[in-house]
Amino acid sequence: MMERLLVFAAKFRTFFRRSTDDAEFSDEIEGHVAMLAERYESQGMSAEDATRAARRQFGNVTLLTQKRKEARTTMFFSNVARDLRYGVRQLLKTPVFTLVCVLTLALGVGANTAVFSVMYAVLAKMLPVNDASRVVYVHTSGFPVGAYNTGNYDTSFSYAGYRELREHSGLEEVIGFIPMSASGKSPVRSGAVPEEATGDMVTGNYFSGLGIGTQLGRGFVQKDESDHAAVTVISDSFWQSHYARSADVIGKTLFIKTHPFTIVGVAAKGFEGTEGRLPLDFWIPLQNHPDFNAWGNPVEDDGGSYLTIERFWCMKLMARIPAGVSNQQALAKAQGTFQQAAYLGIAQKRAGEKIPQLSFFPAKQFDMQDDSSARSLKTLMAMVGLVLVIAMCNVVMLLMARNANRQREFSIRLAIGAGRREIARQLLTESFLLVTLGGAVAWVFATVATRALGAWSRIDSNLQPDATVMWFTLSILVVLALVFGLAPLRAAMSSGTELALRSSATVSQASVKKSRAGNAVIVAQIAMCVALLVGAGLLLGTLRNLLKIDLGQKTNGLLVFGVRPQHTKSKDESLAFFAALQQRLRAMPGVESVSLVDNRPGSGWSSNNGGMLIDGHKPNGIEPTEAEFRQNTVGSDFFHTMGVPILQGRDFSDADTATSQQVIIVNETFAKKYVGTTNAVGHTMTNTKGKNPKLIVGVVKDHKYTSITEPTMPMRWNAYTQVGLVNVLDVEMRVKGDPMAMLPTVRKFMREIDPDAPLLQPMTQTEVFQQSISQQVTFARLAGCFGVLAVVLIATGLYGTLSYRVSRRSAEIGVRMALGAQRWQIVWMVLRGSLLLTGIGVVMGVPLALAASRGLASSLYGVKPLDVASYALAIVGVTLVALAASGLPAGRAGSVDPSTALRAE
Amino acid sequence: MGAEKSEVLQGTLDLMILKTLHALGAMHGFGIARRIEQVSEDVLTLNEGTVYTSLLRLQQKSWIVSEWGISDNNRRARFYSITKRGLKQLAVETENWERISGVISRVLAMEVEP
């Protein structure tokens, strides 16, 4: 065996140095013959006789050279090279066929690769941490009554709880991290220009506990956490974009929220933090300065922050399970510690309360509890899978059609001595060529498509295809190549040698069996197409409904951006800053009105509250503690600026100050539900103890607050001047013309007011609302694309197959016409066949579509899974496409000239 | 050619070349041909070119390696030498040959039964 391998390797090496070997060998032989001749001469022969004798003694040089050529390398390589050359020539001979096949493959495989990359990255990829199987995200089922939280309720823990878990839970490491703000971004400055960057405040064991190295400098140590050291580790991409990968970045100063931090390290390449779709730029140890309260929240009046308030749940946690301990064991052990620690800072556990439960989730790149996007991705994967199957069927049919035209060629080759193996090898080589071409184009397409998919689903972190994705694509390609090579093989083989001698007229009797296989493929394709189109129709209907939803406000012409004053120290200073800001922005040319808002409308953020009395009584008979409402904190002229109609009373005005009467504005739903009438102005709302009275001064029309799809809820608005400290507000600015065109002027203006405060997430208000449905929009658009793709594929497939069948039957048609068949009869004969196939396909496609739409039900909005219009459209669409695709060949069949057709045979 | 000369048996040439390289060290094709001619004392007839077919076969099996060098009479020539793998093979083949030739000679030595 070893010997065989050695010989094969030697032959393989020689294959690439054939010409060198030729030259060397002839040198060697010439030398040998010359030496022989010299010897004979020295024995006394004449020079001429000696040469002749030498040649005789040596033997036949030509024969020897030929033998060597055959022996030095295997025929395999030269055969493959020949097959390749021949294959290329075949593909070039039919450029349209090649182009169609390559594009079909590229679209099918490329779309699959792109969707798979995203699905893999989102659902399966692990964080690049050391020994990832032992690292978990820590979740809780909630937090105890009496505590409060920022961030997602299932991923937030208190700092006190973190300490307890770390000390007593038996976990090897408990790692904590806190976003710097609700958006994850915070103002930083590395040179002169302030900007926004994403960062987390992390515990001292963040890098060491996760097992993430640094490519430069060091990670954090425990001392950094306990000292709240002003040091930072930056990410590879931040290093690249801001310091051009310069090695002397260590020791430089990065200003974060105007505080200087010394850069001590650059995190390992490929690590983008633990925040899923948001890649991080920097990490700092947990800080105790008031500016660095968790999530950018303002500290309490008494200076209380996340470090001191035990009821403030705001910290995300990960953990490393000790070696040799199972997840369940570790969880069971930690559960007790956690359930005790959860009640730190809470005076009394309420009776019958559900005690929070700890749970562990694998350390994937995305800590995804959001089933909807997982489901969307899986649905998309199924859709592109269908597209790929359709594409594959298409190429197989095209190949079979083409190869049937080559049957004569195959039989001649068989007749003159080609083995079946040779023909199989030839077909496989051609299919590998085709698939390689398609695969290369597909990879390029996939790279672009993945980027687009990532942008659409608002994932900033790296999704580019990696090794796993490449294996996925390669295995698809190999399977395709084998299918494409072997599917036409039987047809090619069945021809046999005798075919070479027959006339083509006899060949034209296509066997029933063969066309039956083709028919089955067409029917299956049409069925899949119906299912895809129904799915696409339902999702596009959803999209139409989403875009039609009335927001209840005029978002066009609104620019929104966040401002965080960097130099205000107290509540009064902060209020003065925002009041002055509003006045100065109002005076800007081109600005119609300006207001301020705490939770940016449409961004998904909301403050939820509950408990009230109206005029000292139960609100409209509802239990006071169960009267829930959403609220937002806004500036003067808010409803005027947003374009929300005021039904009764007035808007907030500059006269509503900290010292004037406390006022609120509510929406219609609030007024009807809790006051019992839309005439709510003049009523007073208090908390459940009858304290803190607020006068209702206005009722506004219901409108959307957190997102486009939210149901209407009771809403209340406060004036920002009359609530606690605010340190970030969004500015809503109604301008003439394109809001984004205003941005440079606003930036310049803001720099004059505060050079350290960047504009936070500036965008149009329309864009904010659109982003709230971006996932559904992307999903629907992609589904639409795949539906169209499927239809195009079906059309080309049907057209190709039918054209081919008609061309094969031209002799038969000629005979029919010569015997008196009318043109329309011929056309009908061809059309009838394809209509029948379409009919069967549709009938089989409907149950498939029913199953598919049931799976889609949860992704739909305002459309029923059994939407008749979508079904009708899909069926009519497929039928029309099938008719169009078969109409051309049918027309051609009808115009066959009988005498020409018969003579040609 | 005289009828008393014998054709070289297929495969034995390989063995002869291996042995020659083993006994005399690195040699070029011409030298190998001379050596075989000398040892066989004109009993074997050999088209000298055949040596090269054999050399290629041995090389592909990594039993010998070759290297360009300068011959005694100042000619550029390819020198062949035996490898470790070749030595092992030589031992195996020698044993084989001896066993078979022993059998053959015993068979040939059988007396005609009266």
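This text goes with the structure placed above it.
Everything quoted here is computed from the prediction, not taken from an experiment. (Residues numbered from 1 in each chain as written. Chains lettered and ligands numbered in written order. Predicted model: local features only at pLDDT ≥ 70, side-chain atom pairs only at ≥ 80, totals over all residues. Heavy atoms only, no water.)

## Concerning a positive patch on the surface
Residues and elements named next belong to chain A. Put simply, the rule is: Like charges within 9 Å and nonpolar side chains (Val, Leu, Ile, Met, Phe, Trp, Tyr) within 5 Å are joined into patches, using only residues over 30% in relative accessible area that form no salt bridge. Surface accessibility in these figures is a Shrake-Rupley result with a 1.4 Å probe; residues are shielded only by whichever protein chains are displayed. Only one rule defines a salt bridge in this text: a Lys or Arg side-chain nitrogen within 4 Å of an Asp or Glu carboxyl oxygen. Residues counted as positive are Lys and Arg, residues counted as negative are Asp and Glu, and His and the chain ends are not counted. For this purpose, a charge sits on NZ of Lys, CZ of Arg, CG of Asp or CD of Glu. What counts as a helix is a DSSP run of H or I of at least four residues, what counts as a strand is a run of E of at least two, and both are numbered from the N terminus. Classification of residues uses two cut-offs on accessible area relative to the type maximum, computed with a 1.4 Å probe and protein chains only: under 20% is buried, over 50% is exposed, and between them is partly exposed.
Together, Arg18, Arg82, Arg85, Arg89 and Lys93 give the surface a local cluster of positive charge. The biggest single contributor to the positive patch is helix α5 (residues 75-93), with 4 residues. Considering the arrangement of structural elements, one finds Lys93 in helix α5. A relative accessible area of 62% means that Lys93 is categorised as exposed.

## Regarding the packing of helix α4 (residues 61-72) of chain A against helix α3 (residues 50-60) of chain B
Operational definition: Where helices are involved, their axes are fitted lines through C-alpha atoms of the stretch in contact, as for all axes, and angles between N-to-C directions lie from 0 to 180°. Any angle between 65 and 115 degrees counts as roughly perpendicular, while under 35 counts as roughly parallel, over 145 as roughly antiparallel, and the rest as oblique. Should any heavy atoms of two residues lie within 4.5 Å, those residues are considered in contact. Here the nonpolar group is Ala, Val, Leu, Ile, Met, Phe, Trp, Tyr, Cys and Pro; Asp, Glu, Lys and Arg are the charged ones; every other residue, Gly included, is treated as polar.
Running from N to C, α4(A) and α3(B) point in directions that differ by 10°, and their axes come no closer than 10 Å. One way to sum up the angle between α4(A) and α3(B) is to call them roughly parallel. Every residue of α3(B) that contacts α4(A) at A:Leu64, A:Arg68, A:Ala71 and A:Arg72 is listed here: B:Thr50, B:Tyr52, B:Thr53, B:Leu56 and B:Gln60. By residue class, the composition of the contact of α4(A) with α3(B) is 4 nonpolar, 3 polar and 2 charged.

## Here's the deal with the packing of aromatic side chains
The relative placement of two aromatic rings is captured by the distance of their centres and the angle of their planes. Residues and elements named next belong to chain A. Here is the rule we go by: Pairs were defined over the aromatic rings of Phe, Tyr and Trp, the Trp ring being its six-membered one, requiring ring centres within 6.5 Å. Orientation was assigned from the angle between planes: stacked under 30 degrees, edge-to-face over 60, tilted for the rest. Placement of a charge over a ring requires the Lys NZ or Arg CZ to be within 6 Å of the ring centre, with the centre-to-atom vector within 35 degrees of the ring normal.
Enumeration over the complete set of coordinates arrives at 26 aromatic pairs over all chains. Taking 6.5 Å as the distance between ring centres and 70° as the angle between the ring planes, the aromatic pair formed by Phe207 and Phe271 counts as edge-to-face. Of this pair, Phe207 sits in helix α8 (residues 206-210) while Phe271 is found in the loop between β10 (259-267) and β11 (282-285), placing the two residues 64 residues apart along the sequence. On the basis of relative accessible area, Phe271 is assigned to the buried category, the value being 3%. With centroids separated by 5.3 Å and ring planes inclined at 85°, the aromatic side chains of Phe577 and Phe578 adopt a geometry described as edge-to-face. Here Phe577 matches Phe578 in class, with each residue buried. Through pairs of rings, three or more aromatic residues link up here, namely Phe177, Tyr206, Phe207, Phe220, Phe271 and Trp283. The ring of Phe292 is capped by Lys257, whose NZ or CZ atom sits 5.7 Å from the centre of that ring.

## Some points on the interface of chain B and chain A
Applied cut-off: Buried area adds together the accessible area that both of two parts lose upon being put together, with accessible area traced by a 1.4 Å probe. Here a polar contact is taken to be a pair of N or O atoms separated by no more than 3.5 Å, where protein atoms must pair a possible hydrogen donor with a possible acceptor and residues adjacent in sequence count only if both atoms sit in side chains.
Taken together, the 26 residues of chain B in the interface contact 26 residues of chain A. The junction of chain B with chain A conceals about 2300 Å² of combined surface from both sides, 54% of it contributed by carbon and sulfur atoms. A per-residue breakdown of the area chain B buries against chain A is headed by B:Phe30, B:Tyr52 and B:Gln60, which together make up 28% of the total. At the junction of chain B with chain A, the criterion picks out 5 salt bridges. Notably, a salt bridge pairs A:Arg39 with B:Glu37, separated by 3.5 Å at the nearest N-O pair. Counting every contact that joins chain B to chain A gives 11 residue pairs in polar contact (both at pLDDT 80 or more). Contributing elements (two or more residues each) for the side of chain B that touches chain A: α2 (29-40), α3, β5 (76-82) and α4 (84-108) of chain B.

## A word on the pattern of salt bridges
Using the criterion set out here, one finds 31 salt bridges over all chains in the structure. Between A:Glu48 and A:Arg52 there is a salt bridge, and its shortest N-O distance comes to 3.3 Å. Pair noted here: A:Glu48 and A:Arg52 are both in helix α3 (residues 47-58), with a separation of 4 residues, about one helical turn. A:Asp656 is paired through a salt bridge with A:Arg650; the nearest N and O atoms lie 3.0 Å apart. One salt-bridge network, held together by shared partners, links A:Arg39, B:Arg34, B:Glu37 and B:Glu48.

## Section: unusual backbone geometry
Despite not being glycine, A:His228 has its phi angle at roughly 50°, a positive value. The topology assignment puts A:His228 in the loop between α9 (222-227) and β8 (231-234). Positioned with a positive phi, B:Ser62 is a non-glycine residue whose angle comes to about 65°. Turning to its location among the elements, B:Ser62 is positioned in the loop between α3 and β4 (64-70). Residue classification places B:Ser62 among the partly exposed positions, given a relative accessible area of 25%.

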